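# Tertiary structure, described
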4 protein chains.
Amino acid sequence: MNTSLKVGVLGYGRIGKIHLDSVRKNENVDVVSVCDPQGEILPKELPGYSNYRDLIAQERPDAVVICTPTPTHVDIISYCAERGVHVFCEKPLDLDIGKIQKIQSEVEQSGITVMIGFNRRFDPDFALLKKNIDEGVIGAIHQVTFFSRDPALPSLDFIETSGGLFMDMTIHDFDMSRFITGSEVKEVYAKGQIRVTPELSEFNDIDTATVVLTMENETTCTIQNSRDAGFGYDMRIEVFGSKGMIMAQNNHKNHLKIYSHENVQSANPRYFFLQRFRKAYQFEIDEFIQCILNNEQPSVGIHDALKATQIAQLANQSLNEGRIVKI
Amino acid sequence: MNTSLKVGVLGYGRIGKIHLDSVRKNENVDVVSVCDPQGEILPKELPGYSNYRDLIAQERPDAVVICTPTPTHVDIISYCAERGVHVFCEKPLDLDIGKIQKIQSEVEQSGITVMIGFNRRFDPDFALLKKNIDEGVIGAIHQVTFFSRDPALPSLDFIETSGGLFMDMTIHDFDMSRFITGSEVKEVYAKGQIRVTPELSEFNDIDTATVVLTMENETTCTIQNSRDAGFGYDMRIEVFGSKGMIMAQNNHKNHLKIYSHENVQSANPRYFFLQRFRKAYQFEIDEFIQCILNNEQPSVGIHDALKATQIAQLANQSLNEGRIVKI
Amino acid sequence: MNTSLKVGVLGYGRIGKIHLDSVRKNENVDVVSVCDPQGEILPKELPGYSNYRDLIAQERPDAVVICTPTPTHVDIISYCAERGVHVFCEKPLDLDIGKIQKIQSEVEQSGITVMIGFNRRFDPDFALLKKNIDEGVIGAIHQVTFFSRDPALPSLDFIETSGGLFMDMTIHDFDMSRFITGSEVKEVYAKGQIRVTPELSEFNDIDTATVVLTMENETTCTIQNSRDAGFGYDMRIEVFGSKGMIMAQNNHKNHLKIYSHENVQSANPRYFFLQRFRKAYQFEIDEFIQCILNNEQPSVGIHDALKATQIAQLANQSLNEGRIVKI
Amino acid sequence: MNTSLKVGVLGYGRIGKIHLDSVRKNENVDVVSVCDPQGEILPKELPGYSNYRDLIAQERPDAVVICTPTPTHVDIISYCAERGVHVFCEKPLDLDIGKIQKIQSEVEQSGITVMIGFNRRFDPDFALLKKNIDEGVIGAIHQVTFFSRDPALPSLDFIETSGGLFMDMTIHDFDMSRFITGSEVKEVYAKGQIRVTPELSEFNDIDTATVVLTMENETTCTIQNSRDAGFGYDMRIEVFGSKGMIMAQNNHKNHLKIYSHENVQSANPRYFFLQRFRKAYQFEIDEFIQCILNNEQPSVGIHDALKATQIAQLANQSLNEGRIVKI
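Residues numbered from 1 in each chain as written. Chains lettered and ligands numbered in written order. Predicted model: local features only at pLDDT ≥ 70, side-chain atom pairs only at ≥ 80, totals over all residues. Heavy atoms only, no water.

### Comments concerning the interface of chain A and chain D
Note the threshold: Note on contacts: a residue pair is in contact if any heavy atoms of the two residues lie within 4.5 Å. Here's the idea: put two parts together, see how much 1.4 Å probe accessible area each one loses, and the total over both is what we call buried area. What makes a salt bridge here is a side-chain nitrogen of Lys or Arg within 4 Å of a carboxyl oxygen of Asp or Glu, nothing more.
Residue-level contacts link 24 residues of chain A with 24 residues of chain D. A combined buried area of about 2,100 Å² lies between chain A and chain D, and 57% of that area is made up of carbon and sulfur atoms. Looking only at chain A, the three residues that lose the most surface to chain D are His-255, Leu-256 and Tyr-259 of chain A, adding up to 30% of its buried area. In this structure, the connection of chain A to chain D is made through zero salt bridges.

Written out as C-alpha cells, the structure reads:
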C-alpha cells in the first residue's frame, strides 16, 4: 500500500492556510504543493503555482484540497474527476442544487473520493457527544438545540457572494442536525431578522435567525444563529433525550477564574472557528488521507452537501414565504 | 393605614399548602383562615371551613388566596368581587377566554385587587435577569430561549383536566416571554409530540413541545418543553442581545463536586417547582399583601392571564392545524 | 412524651435574632421568651426580660439558647445546670480551658443536655460531604483543605474581646477538622500575619493565617483564613482521598451568568455567615430540640468545644513561639 | 542575524520526544539532530547518534536540549560550555547543590545561554495568572495554594533514582512559589506521608505531602502533593490577595456535561503533564530559541534551579527532623 501521498492545496486564503498546515502535519503526506492566483503570497519552501491546472499537471498529486471561492468548486472537482485526483472540498460545495447533483453523478462515475469540509463533525467535543448518543447514554433523542453565533459580522463584500445566512452559516447546523439525529428533515420553519446591520437588506440577507427542523424520527432541532455575538464564538449543542441530556459547552480562552469585589469573572469563548475548530480541521484532513490510503468512503460526502444545501433552500423558502415548508 | 390583614386560603392541596405557609410568614397578615371540602385535613390551629362562602361570611377576610380546581376560579372571584374581597388566584385563571374577559370586567367594576400566580416572575434569578435586561446590560434583546422541563409526568387523571400541555405548563413560558421581552406576541409556531406516554393520545395531548413566538419587537422566544426530564426540573432562560448574553442557570440540589476515577460528578437540579420556586411563592404573596395595603395594582393581573391563555390557544391552533398562526 | 417545649433565648444581638427565629420555626417549641439587657429592643409579641434569671424564674423554660457575650457563658450554664434547664450555647464556650473543664464536670453531674453552636457541621453541603466520606465515596482521607475567609474585618472593639483569630474564627475550622476526619489532632503548625489592618498589632492579633493540623490518622488539614476576603464569604472544603476528591464549593448569590464583550461574569459568594449558614442555624436548633425530646445526646457538646479550644491554644503557641507544637 | 539554528536533542525518552517535536515546530530551527544510547529507536528521517559527543562533533549544533538522565546533566553542560553550545536542560538540573553551583560558575565564564525546563511557568493559564497578578488585579498577594497531584505512581525503579518526592515533583511547586510571589523563601514546613505505597519506605520516600513556604514578603505558599490522584492530573493554583482572588482551574478532557437521572457528569482533568502542558513545552523551547537568536537571558536559568533545589533540600530537612527550617 502506498502510504506516502502527494497532496496539493488549492487556494491560500484564511481556510487554505489552515488546511495546508493540517496536510503538512499528516504523517502519510509526503509532498505538498500549493496554488493561488496571487502566487507571491505562497510559502517559499513549497512548490507553488498560480493555476491549479499547472499544479495538477506538474505535481501529479494523489489528492487536492479545494479552498478556492465557492463558484469555482464544481469545475475543479470535475477537472479532478477526469484525472482521477481525489478531492477534499470546502463547504459550501455550490449554492446551486442542480450543479451539485450533476457533479455528484460525475464523481460517482469517476470513482474518485470526494470529502466535504463539514468540520464540526470532527470537533472532539461534538464527535464525543455523538458517540455518547450512539451508545445510548441519553436514550432516544427528543430535542436538539444548536447555539451557533459568530463573534462579528464578515465584510459586506463577503456577505454579498455568500449565498446568504442559511447557505453560508446555518448550513453547518443543518448538516449537524442530520449528523446528531441520524435522521432526515421533514419540515422546516425559519424565522430571520436584521437586528444588527441594516445594510443587509440590500442583499436580501439577515443577521439573526431561529430555525426549527422536524426530523423524520420526530426529533426537533432548533437552531439559534447570529452573525454578531460580540463576546466570541457561541458554539454549543444541547441534546435532550428519554434518559437524560448531554451538552457540548463553549470552549473558553483560558481556565482562570477571578473573584473581584464586584463579581466572579472568567474568560470569553475562544474567538472564532479558527481557534475553536483547529483540531477538527486536522482530524477531517486525517480522515480524508486515511480514506484514500484505505480506499474507503469518507464519513461526509457530496450526498451530505446536497442534503444540507436543500435544507438551506427550504429555510430560505420558509423565511421568504412566511410558511412552514414540508418535504 | 391598616397594616394587619385577615386572609383566607381557599383549597388545601399541594399549592394551597405552599400559599398558606407564605401567608403565615407575611408579617402584615394577622388572622389566617383556610377552607377545603375535605375539612379534616386542615391544620388544627387555624379557623377551618369546608366551604369558601362560610369562610368569607364568618371570617370577613380582607383577601383570599384561591388554590381550588381551575373550573371554580371564576365563580369564586365573582363572589369575592361582589363582597369587596381582594383575590390572589392560582394559574390558570380559566381555560375559556370568554369567561376570563367576563370576570375581568366584573373585577374592574368592583374595584377589588386581583393578582394571578405567575410565580416565575418572582423567582430571584429570573427577576434579577429581567432587572439586568431593563438596565441595558445586554443591549437590545434578539433571542430568548426557555428550557422548561418537568421532572416527571403527572397522573393521567390530572392530565385529563389540565387543559393540555400548552394551557397547563407552557402557559408559564408564554407569560415569561411577555415579561422578559416587554412585548406582545405577533406570530406562533408550535410543534408537539408524544415521545414518552402513548396514552396521551386519548386526551389529544402531548408530552414534548417546541414553540417559537415572534414578538412585536422582532425578538423570537423559543420554548423547549418536556413533561419528563427525568433528571429533575430543567428550568433555564437564555437571553441573547446586542451587547451580550445573560443566562439563568439551573439551581442544583447542593454545591458538592466529586472527582471519581471515572468522571467529575455534581448534583442534579432541584427536583421540581416546590423546591425551585419556594422563594418565588413567598415573594408573590408578599407583593399581593403589599398591594392591598398600599392600594396599588399588582405587577401581574387578569390582563396577563388573558394574554397567556390566548397564546396557549394559538399554540394549540398552530399544532392542530400544522401552520403558523399570526395575530 | 412532652412534644411542646418552652424555650428562652438569652441575648438578642445578631446571632440571638437568628436563633430566636429558628426556635420559633421549630414545630415542637410552644412558648418562646427572650431576654436582653436592652429590653426595649425585644420583639413586642414575646415575653421579654432584661435579666436571664428573671426569665428562668418566670417562664420556667425547658431549655435556653445562650447568645450573650462569651465571658457570661459559663456562669449562665452553671445557673441552668443547677435548675435542670437544658442549654444550647453559642461558640466559643469560653476562652479559658480550665473554666470549660469545670463547667463540663458540673454539666455531667447535673444531667442537663448541653449543645454547642458549631453551626458548620449542620450546613447541608458540609453535612452531605461528611456523609459521602463516611460512605467511602473517596476512600481513605489523605488531605483536607479549608478555605475560610470572612468578607470584611469586624470592628476593632469586637477584635479586642474576641480572643484572637484562632479562638474566634479558626475555631470553626478546628472543629470541622475533627468532624471531617473523625480523628484527633497530634501536631499543629500555625503561621499568621497582619496583612490588612496594622492596628491589630496593638491586640497581638492577626488577620491572615495558614494552619496545618496533622491528625492521629496521618491526614493533614490545612486551613487558609483571612478576616477580609473582600468578595464575600469564601467558605470551601476540599477533601482528597485514596479513591477521589470531594469539594464543597462556595454558595453564590444567584445563578446568573453574563457573557459581556470583555468576559463572562457570575455572582459573588453569599456575603457572610448569616446568608450562607441560615439553614445550618435552623438544623442545629432542630437537633437540639429533638435531643431534649428524645433524651439523646447532641452530636456536638462541651467535649468538642474543649477540643477546639485546646487546638486554638496550641495554634497560638505555635504562632508565638515559632515552632511546631506536638500533643 | 542568524535566524536558522541547528539544534540537537539529547535523549529520546518520554520528555525527549516532546522536546524534539517542539524543536521541529519552531520556525527558526533549521537542522535538527537527535541522540540516544538506544540509537535504533530514533526517527529515521533525522541525523541520529548514540553518543552526544559524536552529535556535537558532527552536527556542530548551535544549541542542545538535554533530556538525558539527571546524573548526566552537569557533565553534558560542562562539555557544551567548553564548546560554546547553548543548552536547554530538563529539570532537575542535579540533586547536588555543590555541583549546581560549580556548573553555574563554569557557564558564567563560558558565556553560553542555559535555560532550565521549569515548564509550568510557560503554561498559558499559569502565565496569564502571573500576568494578572503583576498587573495588580488582585492587589498584594497574601496566600497561594498549589494543588499538584500526579494521576498515578511512577515505577519504583524511577522512584529509586528520582531524588525523592520533594526533589523530583515538588520542585516544580517550589519554583512556581518563587515565580508567582516574586519573593524568596525564608521558612519551610514540610509534612509527608506514605499513604498509598508502603514499598516507598525502602527508599525513605513519601507519596503524599503538605508543605508551607513562608516567603520574605510574608506571603505563604501552601503545596498539596500526591503521587496518586487517580482521577487525572490535579494541577491548580489559587492566589488570594488584598483585592480579590485568582484561580487557575484544572483543564478537563472535554467540555461535555451529561445530566443523568443520578447526577450531572463531566470529564476528568487531562491525564498528565504530557496532555496538560503540551503548549508549555512548545513555549519554553520557543523562548529558548528566541533568547539565542537575540542574545538575551532566558526567564529561568541555573540560578532558579539552584534555588528550587535548595528549597527541596530544606523541605527534606524539615520532614526528616520534624521541625521548621528557617533560612
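### Comments concerning the pairing of strand β9 (residues 208–215) of chain D
Residue and element names in this part refer to chain D. Counted only if it meets this: To sort residues, take the accessible area from a 1.4 Å probe on protein chains only and compare it with the maximum for the residue type: under 20% means buried, over 50% means exposed, and anything in between is partly exposed. Put simply, DSSP marks the helices as runs of H or I at least four residues long and the strands as runs of E at least two long, and each gets a number from the N terminus on. For two strands to count as paired, DSSP must find a minimum of two bridges between them.
For β9, the buried fraction is high: eight of the eight residues fall into the buried class. The alternating pattern of β9 places Thr-208, Thr-210, Val-212 and Thr-214 and Ala-209, Val-211, Leu-213 and Met-215 on opposite faces, both of which are buried. Summarising the sheet, β9 and strand β10 (residues 220–226) pair through seven bridges and their orientation is antiparallel. When the sheet's bridge partners are listed, Thr-210 is paired in β10 with Gln-224. Connecting β9 to the next strand, β10, in antiparallel fashion are four residues, including Glu-218 with a positive phi near 80°.

### With respect to the interface of chain A and chain B
Put simply, the rule is: Here a polar contact means two N or O atoms within 3.5 Å. Within protein one must be a hydrogen donor candidate and the other an acceptor candidate, and residues neighboring in sequence count only if both atoms are side-chain atoms.
At the interface, 41 residues of chain A touch 41 residues of chain B. Contact between chain A and chain B buries roughly 3,100 Å² in total, counting both sides, with carbon and sulfur atoms accounting for 51%. On the chain A side of the contact with chain B, Gln-143, Tyr-189 and Arg-195 of chain A bury the most area, a combined 20% of that side's loss. Scanning the region where chain A abuts chain B turns up four salt bridges. Its salt-bridge partner being Glu-187 of chain A, residue Lys-191 of chain B comes within 3.0 Å of it at the nearest N-O pair. Where chain A packs against chain B, one counts 24 residue pairs in polar contact (both at pLDDT 80 or more). Elements that contribute at least two residues to the side of chain A that touches chain B include exactly β7 (141–149), β8 (185–193), β9 (208–215), β10 (220–226), β11 (234–241) and β12 (244–248) of chain A. The element best represented in the side of chain A that touches chain B is β7 of chain A, accounting for seven residues.

### What about the sheet that holds strand β3 (residues 48–49) of chain C?
Residues and elements named next belong to chain C. Read from one edge to the other, the open sheet built from six strands follows the order β3-β2-β1-β4-β5-β6, with strand pairing classed as parallel. Of all strands in the sheet, those bounded by a partner on one side alone are β3 and β6 (114–116). Pairing of strand β5 (residues 86–89) with β6 involves three bridges; the strand directions are parallel. Bridging from a neighbouring strand, Phe-88 pairs with Met-115 of β6.

### Examining the environment of Asn-51 of chain B
Residues and elements named next belong to chain B. On the secondary structure map, Asn-51 appears in the loop between β3 (48–49) and α2 (52–59). Overall, Asn-51 belongs to the partly exposed group, its relative accessible area being 28%. Separated by 111 residues in the primary sequence, Asn-51 and Ser-162 have C-alpha atoms spaced 23 Å apart. Of note is the side chain of Asn-51, whose polar atom sits 2.7 Å from the backbone nitrogen of Arg-53.

### Quick notes on the packing of aromatic side chains
Condition: Aromatic pairing here means that ring centres of Phe, Tyr or Trp (its six-membered ring) are within 6.5 Å. Orientation follows from the plane angle: under 30 degrees is stacked, over 60 is edge-to-face, and everything else is tilted. Distance and angle both matter: a charge sits over a ring if NZ of Lys or CZ of Arg is within 6 Å of the ring centre and within 35 degrees of the ring normal.
Within this structure, the stated rule accounts for 44 aromatic pairs over all chains. Cation over ring: Arg-236 of chain B sits above Phe-147 of chain B, and NZ or CZ is 4.1 Å from the ring centre. Arg-53 of chain C extends its terminal NZ or CZ atom over the ring of Tyr-79 of chain C, reaching a point 5.4 Å from the ring centre.

### Describing the relation of the copies chain A and chain D
Which entries qualify depends on this criterion: C-alpha atoms of residues with pLDDT of at least 70 in both copies form the basis for the least-squares superposition of the copies.
If you rotate chain A by 180° and push it 0.0 Å along the axis, it lands on chain D with an RMSD of 0.0 Å. On this basis, the relationship between the two copies can be described by a two-fold rotation axis. Residues of chain A ranked by C-alpha distance from the rotation axis are headed by Lys-25 of chain A, positioned 5.1 Å from it. When the interface residues of chain A are mapped onto chain D, 100% of them again lie at the interface, so the same face is used by both copies.

### As for the confidence of the model for chain A
Put simply, the rule reads: On a range of 0 to 100, pLDDT expresses the predictor's confidence in each residue.
With 99% of its residues at a pLDDT of 70 or more, chain A has an overall mean of 96. The complex prediction reports pTM at 0.96, with the ipTM value standing at 0.95.

### What about helix α7 (residues 165–181) of chain C?
Residues and elements named next belong to chain C. Rules: Expected helix span is computed as 1.5 Å times (number of residues minus one). We define the bend at any residue as the angle between the axes fitted to the seven residues before and including it, ending there, and the seven starting there.
With 17 residues, α7 extends 23 Å from end C-alpha to end C-alpha; this agrees with the ideal 24 Å at 1.5 Å per step. Remark: the principal bend of α7, roughly 55°, maps to Ile-171. Most of α7 is tucked away: 17 of the 17 residues are buried. Once α7 ends, the next one or two residues include Gly-182, with phi positive near 60°.

### A short note on the relation of the copies chain A and chain B
Note on the chain copies: they are related by a rotation about an axis and a translation along it. Note on the identical chains: chain A maps onto chain B by a rotation of 180° and an axial translation of 0.0 Å, with an RMSD of 0.0 Å. Looking at the interface residues of chain A, 100% of them are also at the interface in chain B, so both copies use one shared face.

### Thoughts on the pairing of strand β1 (residues 5–10) of chain A
Residues and elements named next belong to chain A. Heads up, the rule is: The handedness rule is simple: strands pointing away from the viewer, and a clockwise path from the first strand over the helix to the second, make the crossover right-handed.
Counting buried residues in β1 gives five out of six residues, a clear majority hidden from the surface. Two elements, β1 and strand β2 (residues 29–35), share six bridges in a ladder whose sense is parallel. The residue bridging Val-9 from the neighbouring strand is Val-34, located in β2. The handedness of the β1 to β2 crossover, carried by helix α1 (residues 14–25), is right-handed.

### Considering the packing of helix α4 (residues 97–110) of chain D against helix α10 (residues 302–321) of chain D
Residues and elements named next belong to chain D. We count it as follows: Whenever a helix is involved, its axis is fitted only over the stretch in contact; in every case the axis is a line through C-alpha atoms, and angles between N-to-C directions fall within 0 to 180 degrees. Working definition: roughly parallel below 35 degrees, roughly antiparallel above 145 degrees, roughly perpendicular at 65 to 115 degrees, and oblique for all remaining angles. Residues are grouped as follows: Ala, Val, Leu, Ile, Met, Phe, Trp, Tyr, Cys and Pro are nonpolar; Asp, Glu, Lys and Arg are charged; all remaining types, including Gly, are polar.
Following both chains from N to C, one finds α4 and α10 inclined at 170°, their axes separated by 10 Å at the closest point. With respect to their mutual orientation, α4 and α10 come out roughly antiparallel. Only Ile-302, His-303, Leu-306, Thr-309, Gln-310 and Gln-313 of α10 make contact with α4, whose side of the interface consists of Ile-97, Ile-100, Gln-101, Ile-103, Gln-104 and Val-107. Residue composition of the contact of α4 with α10, by class: six nonpolar, six polar and no charged.

### A word on the domain arrangement of chain A
Residue and element names in this part refer to chain A. Test applied: Start and end points for every domain follow an automatic or database-based domain assignment.
Considered domain by domain, chain A is made up of domain 1 (5–112) and domain 2 (121–277 + 307–326). Summarising the inter-unit geometry, the C-alpha centres of domain 1 and domain 2 are found 28 Å apart. Counting from both sides, the interface comprises ten residues of domain 1 and, opposite them, twelve residues of domain 2. Together domain 1 and domain 2 conceal approximately 880 Å² of surface at their shared face, both sides included; 70% is due to carbon and sulfur atoms. It is Lys-91, Leu-95 and Ile-97 that lose the most area in domain 1 upon contact with domain 2, and together they represent 56% of the buried surface on that side. Here domain 1 and domain 2 share one salt bridge between them. Put simply, Asp-168 and Lys-91 hold a salt bridge, and the shortest N to O gap is 3.9 Å. Our count for the domain 1 to domain 2 interface comes out at one residue pair in polar contact (both at pLDDT 80 or more). Mapped by element, the contributors of at least two residues to the side of domain 1 that touches domain 2 are α1 and α4 (97–110). Residues that form the side of domain 1 that touches domain 2 fall into these classes: six nonpolar, one polar and three charged.

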